[in-house]
Amino acid sequence: MFIERSKKVGKDVVILVHTRYDSDMLVHIVLISLAIITRFAYLGRTAFFVNDQGRDALIVMQMLIDHKPVLIGPATSFNSVLGSFYFGPFYYYILALFAAINKSPLFLTISIPVFFVVLIMLFLSLKQFSLRIKIIYSLLILFSAYSLLHTRFLWNLNMGFLLSVILFFVFLKWEESIAKKWYVLISFGLISGAIFQIHYGTLFLYVIFLLYLVKGLKNKSLYLCGFIFSFVPFVIFDVRHNLLLVRTAIGVIQSSILNHPAMSSNILTTFGEIFEA
């Protein structure tokens, strides 16, 4: 009789686990479906494609025609007498992957909602959060007016933010595997640096990575090495152009100090300009 009861209890537990798994899977399917619908529905009618998007598309198309990767990305709002400072070229590299499949401006725009759906899928796969938290977070980000606006049109800030959050979720999901092998950690640092260069407004996340998430001096050093190595395109560009970027950066700093003598005001203004760049 004891054996029969044990079998019955075991069978009930298995059924309960399967039921919970099925219900969790159903919630995930509904949330992912909502992400796809809210980001792709009527995209061709609502997504705008104006001067900045047209400029970026032309540069990407020229890259594919000439088979020569550019070494700098779009200009920032940081200016000096020598001109503007620039984001990294990785925004163009990612767009080139989409353009290699289809050169339509709409297809390039699709890259943003695609990354958003990937972000939702990754978040739902994390074991660190309960189903309730996943539902609340997903609904907030799905139907937030700001999120809806910035995940339905092409812009380097939109892509930089989405890829940064995706990278954060990747780290949470595979932290042990990333930290276990030195070459994986360097690669992760390299990818972090590349995504950071898409838009410098994501700086705070990579500071958190370095100071709090990557543990141990050795791992921090490996991560930082990969991060710094991602700036190689800038170095090549500067060597070819008489250190133009270095001189521009110095000019930007000098201009900022002259315009804002107070140190606290200078720091806040510069940080604000990063997000407006």
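The paragraphs below set out a description of the structure included in this document. Just so you know, these numbers come straight off a predicted model, no measurement behind them.

### Structural notes on the overall build of the protein
Then, number 1: Counting its secondary structure elements, the protein contains 15 helices and two strands.
Then, number 2: Counting all 277 residues of the protein, 39% fall into the buried class.
Then, number 3: Summarising the internal contacts of the protein: among those between residues at least 6 apart in sequence, 71% fall at separations of at least 24.
Then, number 4: As displayed, the protein offers around 16200 Å² of accessible surface, 72% of which is attributable to carbon and sulfur atoms.

### A word on helix α8 (residues 156-173)
Then, number 1: The end-to-end C-alpha distance of α8, which contains 18 residues, comes to 25 Å, matching closely the 26 Å that a straight helix rising 1.5 Å per residue would cover.
Then, number 2: For α8, a buried count of 14 out of 18 residues is recorded, marking the element as mostly surrounded by other parts of the structure.

### What about the layout of surface pockets?
Then, number 1: Estimated volume of the second largest pocket: approximately 300 Å³.
Then, number 2: As for the second largest pocket, its lining consists of 17 residues, of which Tyr146, His150, Leu157, Phe161 and Leu162 are closest to the centre.
Then, number 3: Counting residues per element, the ones that place at least two in the lining of the second largest pocket are α5 (105-125), α6 (131-143), α7 (145-150) and α8.
Then, number 4: No other element matches the five residues that α8 contributes to the lining of the second largest pocket.

### Section: the packing of aromatic side chains
Then, number 1: A full pass over the atoms with the stated rule returns 28 aromatic pairs.
Then, number 2: Ring plane angle 45° and centroid distance 5.2 Å describe the contact between phenylalanine 196 and tyrosine 200, whose orientation is recorded as tilted.
Then, number 3: The exposure class of phenylalanine 196 is buried, given its relative accessible area of 10%.
Then, number 4: Accessibility expressed as a relative area gives 10% for tyrosine 200, which makes it buried.
Then, number 5: When the centroid spacing of 6.3 Å and the interplanar angle of 35° are considered together, the rings of tyrosine 223 and phenylalanine 227 count as tilted. Linking tyrosine 223 with phenylalanine 227, this pair stays in helix α12 (residues 217-229), spanning four residues, or about one helical turn. Assigned by exposure class, tyrosine 223 and phenylalanine 227 land together as buried.
Then, number 6: Here the guanidinium or amino end of arginine 39 rests over the ring plane of phenylalanine 116, the centre of that ring lying 4.0 Å away.

What counts, and at which threshold
- Residues numbered from 1 in each chain as written.
- Predicted model: local features only at pLDDT ≥ 70, side-chain atom pairs only at ≥ 80, totals over all residues.
- Heavy atoms only, no water.
- Helix = DSSP H or I, 4+ residues; strand = E, 2+ residues; numbered from the N terminus.
- Buried < 20%, exposed > 50% of the residue type's maximum accessible area, 1.4 Å probe, protein only.
- Contact = heavy atoms within 4.5 Å.
- Areas by Shrake-Rupley, 256 points an atom, 1.4 Å probe, with all protein chains shown as cover.
- Expected span 1.5 Å × (residues − 1).
- 1 Å grid on protein atoms, 1.4 Å probe; cavity = no way out; pocket = protein on both sides within 12 Å on 5 of 7 lines; lining within 4 Å.
- Points joined across faces, edges and corners; volume = space filled by probe spheres on them.
- Phe/Tyr/Trp six-rings, centres within 6.5 Å; stacked < 30°, edge-to-face > 60°.
- Lys NZ or Arg CZ within 6 Å of the ring centre and 35° of its normal.

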